[in-house]
Amino acid sequence: MFWNKDIETIGRKALEDLQLKKLSKALKDAASTPFYNKVFKDNKVNVDRITSLDHLKDLPLTSKADLRLSYPDGMVAVPRREIVRMHASSGTTGKSTVIFYTAKDIAEWADLIARSMVATGTTPDDVFQNMMGYGLFTGGLGLHYGAERLGCMVIPSSSGNSLKQIQLMQDFKTSVIHITPSYALHLAEVVAGQGVRPPDLGVKKAYLGAEPYSEETRNKLEEQWGLDAYNSYGLSEMNGPGVAFECEKKSGMHLWEDFYLFEIIDPDTCERLPDGEEGELVITHINREAMPIIRYRTRDLTRVIPEPCPCGRTHRRIERIKGRTDDMLIVGGVNVFPSQIESVLMKVPEVGNNYQIVLDRHENLDRLHVRVELYSKMFSGDMKELNRLKERLSEELRALITVNPRIELLEPGSLPPSTGKAVRVIDNRKI
Ligand code: ADP
Ligand code: ZN
């Protein structure tokens, strides 16, 4: 099923022609903003000389710090009266940044979300419950407009208030949900606590995004809820959700290349990497009037999947995000991503739905402490069984990350639940 078959299956040559046309306009718009006007001057960039997509790599990169520097409107390319909306990033890594949209930007973003939802088989017959925060965060209103554009009945329930969420699902026969993976894990527990099996709620699909998670967590959630889960990627700097989305094949996310030019770079040297190699995703927004952003360093690590997708869409896919460059933990000199720890925990059947990673330093040595909730039935057995499990978890973790973790097994509900983006890592090391 396609939303706009022509654009979704467009041939490479036609796509590149379109991209170049849009890039030229985006660069001209950018040059009219105080921020890029200065950056282009400082770097001797003449936008009229960008006549091929290949020239993109010669343009300067834009970072989150640049957005903060140009706060609030140094990157705005249209008069104030043409702006109809603003959003802000969640501020996971510091002061949040603001993004502006014209009416056309909002309409085209909604269209892109509708395209993404149709790629997973959603239709106007679906009832869509949006459990992402409404407000400045893009996950709420972003999907909301897209789902309405597609024609779904939208329940704008926002995040939290779990009992109400369950009631809405039951009363209105919700078939598609949008939720963070950490909240989906928590909500499954709340549902079970009400004496209801999550699959009996009848939800068919979940769009999971806004935070990194592992393939094992997807599998676990699909099993617990009895649904198909699709990975959804976006960031406020690039509108919000709808940048890249999985299709029905569930094997990597199509990054919508008629809106975004993407590159993978080595985060240290900033050189472009060949297709298939893992690195930092850099995106240029070529489809936004209010605020063009050129070569934005997302800090998200992924790789391109060069093979064509059997669904017929020609927009290239990216792999599940491994984490952010700034999520990487250095423990005793070893690089560890929280998603690696998660992938080990979530495939162990005894492990429940929440965990936490705590780092501290004792006598100049880093210590990694993994706190894991188990299902309650595990605590009715004997201590020996728990000790064996502890041993097994620590061995499996050590085998993957080469760091020796201390494991703490907890009863369900011991750790703070997440209703939005989870905070999984507590770093108490102060140097
Ligand atoms: P903030 O940067 O303050 O968290 P955003 O709300 O814009 O603000 O969050 C965007 C970020 O969320 C992305 O850059 C990425 O790190 C993360 N993210 C979004 N979707 C996914 C996903 N499907 N998988 C992994 N990470 C994701
Ligand atoms: Zn596909």
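Up top is the structure these notes are about.
This report concerns the structure included in the present document. (Residues numbered from 1 in each chain as written. Chains lettered and ligands numbered in written order. Predicted model: local features only at pLDDT ≥ 70, side-chain atom pairs only at ≥ 80, totals over all residues. Heavy atoms only, no water.)

## A few points about the coordination of the zinc ion (ligand 2)
As a reminder, the rule being used: Ligating atoms shown are N, O and S within 2.8 Å of the metal, or 3.2 Å for Na, K and Ca, and water is not included, meaning a site may look less than complete. A four-donor site is called tetrahedral if each angle lies between 85 and 135 degrees; a four-donor site is square planar, and a six-donor site octahedral, when trans pairs exceed 155 degrees and the remaining angles lie between 65 and 115; all other cases are labelled irregular. Helical segments are the DSSP runs of H or I of at least four residues, strand segments are the runs of E of at least two, and each set is numbered from the N terminus. The classification of residues rests on relative accessible area computed with a 1.4 Å probe and restricted to protein chains. Under 20% of the type maximum is buried, over 50% is exposed, and intermediate values are partly exposed.
The protein atoms that coordinate the zinc ion (ligand 2) are C247 (SG), H254 (NE2), C309 (SG) and C311 (SG), at distances of 2.1 to 2.3 Å. The coordination sphere of the zinc ion (ligand 2) comprises four donor atoms, whose angles at the metal cover 103 to 116°; the geometry is tetrahedral. When the donors of the zinc ion (ligand 2) are listed by position in the chain, the intervening gaps give C-x6-H-x54-C-x1-C. Residue H254 is found in strand β9 (residues 253–255), and its partner C309 is found in the loop between β13 (304–305) and β14 (317–318); the two are separated by 55 residues along the sequence. H254 gets classed as buried once you look at its relative accessible area, which sits at 1%.

## Points about helix α11 (residues 383–401)
Put simply, the test is: By this rule, a helix spans an expected 1.5 Å times one less than how many residues it contains. When checking whether two residues touch, look at their non-hydrogen atoms; a contact exists if any pair is within 4.5 Å.
Between its first and last C-alpha, α11 extends 27 Å over 19 residues, near the 27 Å set by a 1.5 Å rise per residue. The elements touched by buried residues of α11 are β17 (334–336), α10 (338–345), β18 (351–362), β19 (365–374) and β20 (406–410). Just past α11, the residue T402 takes up positive phi, approximately 60°.

## Here we look at the site of ligand 1
Threshold: One heavy atom within 4 Å of a molecule or strand makes the whole residue count as near it. We call two N or O atoms a polar contact when they sit within 3.5 Å, provided that within protein one can donate a hydrogen and the other can accept it, with sequence-adjacent residues counted only if both atoms are side-chain atoms. Accessible surface is estimated by sampling points in the Shrake-Rupley manner with a 1.4 Å probe; for residues, cover comes only from the protein chains shown. Each residue is assigned to one class: nonpolar for Ala, Val, Leu, Ile, Met, Phe, Trp, Tyr, Cys and Pro, charged for Asp, Glu, Lys and Arg, and polar for all the others, Gly among them.
As a matter of local geometry, ligand 1 sits amid 20 residues, with S90, G91, T92, S236 and D300 nearest to it. Between R324 and ligand 1, the recorded distance is 2.7 Å, taken from a side-chain N or O atom to an oxygen atom. Against a free-state accessible area of 560 Å², the protein chains account for coverage of 97% of ligand 1. The element best represented in the shell around ligand 1 is strand β7 (residues 228–235), accounting for five residues. Taken together, the residues of the shell around ligand 1 sort by class into six nonpolar, nine polar and five charged.

## Description of the nonpolar core
Cut-off, in case you're wondering: The term nonpolar core refers to a set of buried residues drawn from Ala, Val, Leu, Ile, Met, Phe, Trp, Tyr and Cys, joined through side-chain atoms within 4.5 Å.
Among the nonpolar cores identified, the biggest contains 64 residues, and Y36, F40, M117, F128, Y233, I293 and I318 are the most heavily contacted of them. The dominant element in this core, judged by the number of residues it contributes, is helix α5 (residues 103–118), at seven residues. Apart from residues lying up to four places away in sequence, F40 is in contact with L27, A30, A31, V45, V47 and I294. Membership of the second largest hydrophobic core comes to 46 residues, among which are Y183, A206, V344 and M346.

## Focus: the pairing of β20
Walk down a regular strand and you will see the side chains alternate between the two sheet faces. Defined as follows: Whether two strands pair depends on DSSP finding at least two bridges between them. Looking down the strands as they point away from you, a crossover is right-handed if its path from the first strand over the helix to the second goes clockwise.
By the bridge criterion, five bridges tie β19 to β20 in an arrangement that is parallel. Each bridged residue has a counterpart across the sheet, and for V370 the counterpart in β20 is I407. Traced from β19 through α11 to β20, the parallel crossover comes out right-handed.

## A short note on helix α8 (residues 181–193)
Side chains that are three or four residues apart share a direction in an α-helix, a result of its 3.6 residues per turn. The end-to-end C-alpha separation of α8 is 19 Å, in line with the 18 Å expected for 13 residues at 1.5 Å each. In terms of residue burial, α8 counts as a mostly covered element, since ten of its 13 residues are buried. Taken as a whole, α8 has its buried residues at P181, S182, Y183, A184, L185, H186, L187, A188, V190 and V191. On its buried face, α8 is in contact with α7 (162–172), β5 (176–179), β6 (205–209), α9 (215–225) and β18. Following α8 by one or two positions, G195 adopts a phi angle in the positive range, close to 80°.

## Examining the sheet that holds strand β15 (residues 323–324)
Pairing between the strands of a sheet comes from backbone hydrogen bonds, and it takes one of two forms, parallel or antiparallel. With antiparallel pairing, four strands are arranged side by side in an open sheet as β10-β11-β12-β15. Both outer strands of the open sheet, β10 (260–265) and β15, are each paired with one neighbouring strand and no more. Sheet analysis places strand β12 (residues 296–302) next to β15, joined by two bridges and oriented antiparallel. Residue pairing for β15: D300 is matched across the bridge by R324.

No statement about biological role is implied by the geometric values presented.
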